[in-house]
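Close look at the chain arrangement
Chain residues, written in single-letter form:
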Amino acid sequence: MDKVLETTYSRVYLNAPSDNYSEFLDYIADNFDERLEDILTFLEIPEFIDYGLKIYLYNSKESYSEYANSQGVETISYGIGSFEEKRVSRVITEEDLQKCSKMHLLNNILHECVHLLYFVFYQLKDRDARVVWFDEGLAYNLSGQMSDCRDLDKFKSFYLKNIVNKHLEIPKIEYLLHHGNKHGEFNDDETHLYDGYNISYVIVRYLLEVLPKDRLFNLLGNYEVIMANGGKYLNDAIKYYDTLFPVSDNFSDIKDELELMDYLNKNFLFGYLDLNDKIHANTLADFKELYRTKDILKILEKGYGTCIENMQVITFGLKKIGYEVRTFALRDIKHLDTYRFMFIMAFNKNDKWYIFEYTNSQKQGIFEIPNVDKYVSEYRTNMEKCVEDGKVELTEFTSIPADLSYDELHKYLAKK
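Heads up: these notes are all about the structure in this document. (Residues numbered from 1 in each chain as written. Predicted model: local features only at pLDDT ≥ 70, side-chain atom pairs only at ≥ 80, totals over all residues. Heavy atoms only, no water.)

On to the overall build of the protein chain, then. Scanning the protein chain for helices and strands turns up 15 helices and 13 strands. Against the compact-globule benchmark of 22 Å for 416 residues, the protein chain has a radius of gyration of 24 Å, which places it among compact chains. In terms of its C-alpha atoms, the protein chain occupies a principal-axis envelope of roughly 70 × 50 × 40 Å. Buried residues in the protein chain amount to 50% of all 416 residues. Counting contacts in the protein chain only where the partners sit at least 6 residues apart, residues at least 24 apart contribute 63% of the total. Just so you have it, the protein chain exposes about 20,400 Å², and 46% of that area is on carbon and sulfur atoms. Positive and negative charge centroids in the protein chain, built from 49 and 70 side chains respectively, lie 5 Å apart. (Helix = DSSP H or I, 4+ residues; strand = E, 2+ residues; numbered from the N terminus. Rg over C-alpha atoms; globule rule 2.2 N^0.38 Å. Buried < 20%, exposed > 50% of the residue type's maximum accessible area, 1.4 Å probe, protein only. Contact = heavy atoms within 4.5 Å. Areas by Shrake-Rupley, 256 points an atom, 1.4 Å probe, with all protein chains shown as cover. Lys, Arg positive; Asp, Glu negative; His and termini not counted. Charge placed at Lys NZ, Arg CZ, Asp CG, Glu CD.)

Put into structure tokens, the structure is as follows:
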């Protein structure tokens, strides 16, 4: 491994040096020390400059696994990072550099640093004293990985969508004690009914919010207390945030656009209904062959949807509230098999126009716009820059019939 960077607190190594990493390494040089100092201050670790922290970056999961196996480092099948007494390791591929922000990638490194600091200074290097949910929750809260959720509205959307959504379950605390990727273990990649990282983040966020600092620091290094009270902390966290974010599960109770957004976050997940009303959750497999549009009552009953069903529920809900609504479809008509099409829903409230953005979780919200037609036209232009051949068809419509296949839906929109 070649050393490619040295900061006040660390030395950074890369298994396959490449010019493609230069900008990210510059970002680490400019930001790592300050970000780490914030974590050190919170954890009240005063002396760390001479600790000798080493950061090892790997350009592929294969190269990381090869290192881990050769050194007997404990890893998990879905893991792309680890920590030891003096070093942290993280996979950051060239694809990651293209798709992810530099801040996101640095947060991933800091996640492993939190693990290291907690292990050395609070668990006193005792691997048996690790409670996975507490350790992962602490890392998620302190690393900045969930920085968007510092905004309470963003956190509410996250909580409703990822923790208490009606299609999910709150796992038993016993599931969160050790890593694994099956139902009944930390990360349920089997049935996708819960995500141990998300749950752990919420429990520790709750503890950070409600515990006085002296009680929190007494807890940090106390394995017995954490183990004995984990179930209580989980239940208390859910009760606390359910009280903070009350949402009706009854669609007829919705009185405004904010309640509609909350309803969607708590009652809908990604998936589609086929021609026999079977739910295909978290997938578009066989979508073109099996998909059928549904009427609004069936969509509300099942609570699964693509951007098509999201559009139907949003349009129906906004009209039910009493708003004037305009709905638009934008379709990459030369590449329909790639499913590159989307909907824009605009509504008029008190003579002002707003966009209702739900499907894009990163931009979810309600935004005022000065002119609907100009906004949609500019959106179309920007979308055309991102598609091959630059052809996006724009259609304004009011509703779509039930029982249309994917191809039939496009034919229907083309006639509007």
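The packing of two helices is summarised by the inter-axis angle and the distance between the axes. Between helix H4 (residues 102–121) and helix H5 (residues 132–143), the shortest axis-to-axis distance is 8 Å and the interhelical angle comes to 130 degrees. Viewed along their axes, H4 and H5 adopt a mutual orientation that is oblique. The handedness of the crossing between H4 and H5 is right-handed. When H4 is examined against H5, the residues Asn 107, Leu 110, His 111, Val 114, His 115 and Tyr 118 are found in contact with a partner set consisting of Phe 134, Asp 135, Glu 136, Leu 138, Ala 139, Tyr 140, Leu 142 and Ser 143. Its residues assigned to classes, the contact of H4 with H5 comprises 8 nonpolar, 4 polar and 2 charged. (Axes fitted to C-alpha atoms, helices over the stretch in contact; angles between N-to-C directions. Parallel < 35°, antiparallel > 145°, perpendicular 65-115°, else oblique. Left-handed = near helix turned anticlockwise from the far one by under 90°. Nonpolar A, V, L, I, M, F, W, Y, C, P; charged D, E, K, R; others polar.)

Turning next to the packing of aromatic side chains. Under the criterion given, the structure shown has 40 aromatic pairs. A centroid spacing of 6.1 Å and a plane angle of 75 degrees characterise the contact between Phe 155 and Tyr 201, whose relative ring orientation is edge-to-face. Placement of Phe 155 in helix H6 (residues 152–162) and of Tyr 201 in helix H7 (residues 196–210) is noted, with a sequence separation of 46 residues between them. Take Phe 155 and Tyr 201: they sit in the same class, and that class is buried. In this structure an aromatic cluster arises from ring pairing among Phe 155, Phe 158, Tyr 159, Tyr 201, Tyr 206, Tyr 240, Tyr 241 and Phe 245. Above the plane of the ring of Tyr 51 lies Lys 86, whose end atom (NZ or CZ) is 4.0 Å from the centre. Positioned above the aromatic ring of Tyr 56 is the side chain of Arg 87, whose terminal nitrogen or guanidinium carbon lies 3.5 Å from the ring centre. (Phe/Tyr/Trp six-rings, centres within 6.5 Å; stacked < 30°, edge-to-face > 60°. Lys NZ or Arg CZ within 6 Å of the ring centre and 35° of its normal.)

In this structure, Ile 28, Phe 32, Leu 36, Leu 57, Trp 133, Phe 134 and Tyr 159 are the most contacted members of the largest nonpolar core, which totals 77 residues. It is H4 that contributes the most residues to this core, 11 residues altogether. Once you skip the residues sitting within four places of it in the chain, Phe 134 turns out to touch Tyr 118, Val 204, Leu 207, Leu 219, Leu 220 and Ile 226. Ranked by size, the runner-up nonpolar core spans 34 residues in total, among them Leu 264, Tyr 291, Ile 296 and Tyr 358. (Core = buried A, V, L, I, M, F, W, Y, C linked by side-chain atoms within 4.5 Å.)

Looking now at a nonpolar patch on the surface. Taken together, the side chains of Leu 152, Val 210, Tyr 240 and Leu 244 make up a nonpolar region of the molecular surface, amounting to roughly 310 Å² of accessible area. By the element assignment, Leu 244 lies in helix H9 (residues 223–244). A residue is classified by how much of its surface remains accessible, and Leu 244, at 41% relative accessible area, is partly exposed. (Patch = residues over 30% accessible without salt bridge, like charges linked within 9 Å, V, L, I, M, F, W, Y side chains within 5 Å. Salt bridge = Lys/Arg side-chain N within 4 Å of Asp/Glu carboxyl O.)

Right, let's talk about the sheet that holds strand S1 (residues 2–6) for a bit. Pairing within the open sheet is mixed, and its 5 strands lie in the order S1-S2-S3-S5-S4. If you trace the sheet from one side to the other, it starts and ends with S1 and strand S4 (81–83), each paired once. Each adjacent strand pair in this sheet contributes to an overall mean axis angle of 20 degrees, direction not counted. With respect to the sheet, H4 is in contact with strand S3 (53–58), S4 and strand S5 (87–91), its orientation differing from that of S5 by roughly 150 degrees. (Pairing = 2+ DSSP bridges.)

So, about H5. Over its 12 residues, H5 extends 16 Å from the first C-alpha to the last, a length consistent with the 16 Å expected when each residue adds 1.5 Å. Most of H5 is tucked away, with 12 of its 12 residues classed as buried. Among all positions of H5, only Val 132, Trp 133, Phe 134, Asp 135, Glu 136, Gly 137, Leu 138, Ala 139, Tyr 140, Asn 141, Leu 142 and Ser 143 are buried. Lining the buried residues of H5 we find helix H1 (22–42), S4, H4, H7, helix H8 (213–220) and H9. (Expected span 1.5 Å × (residues − 1).)

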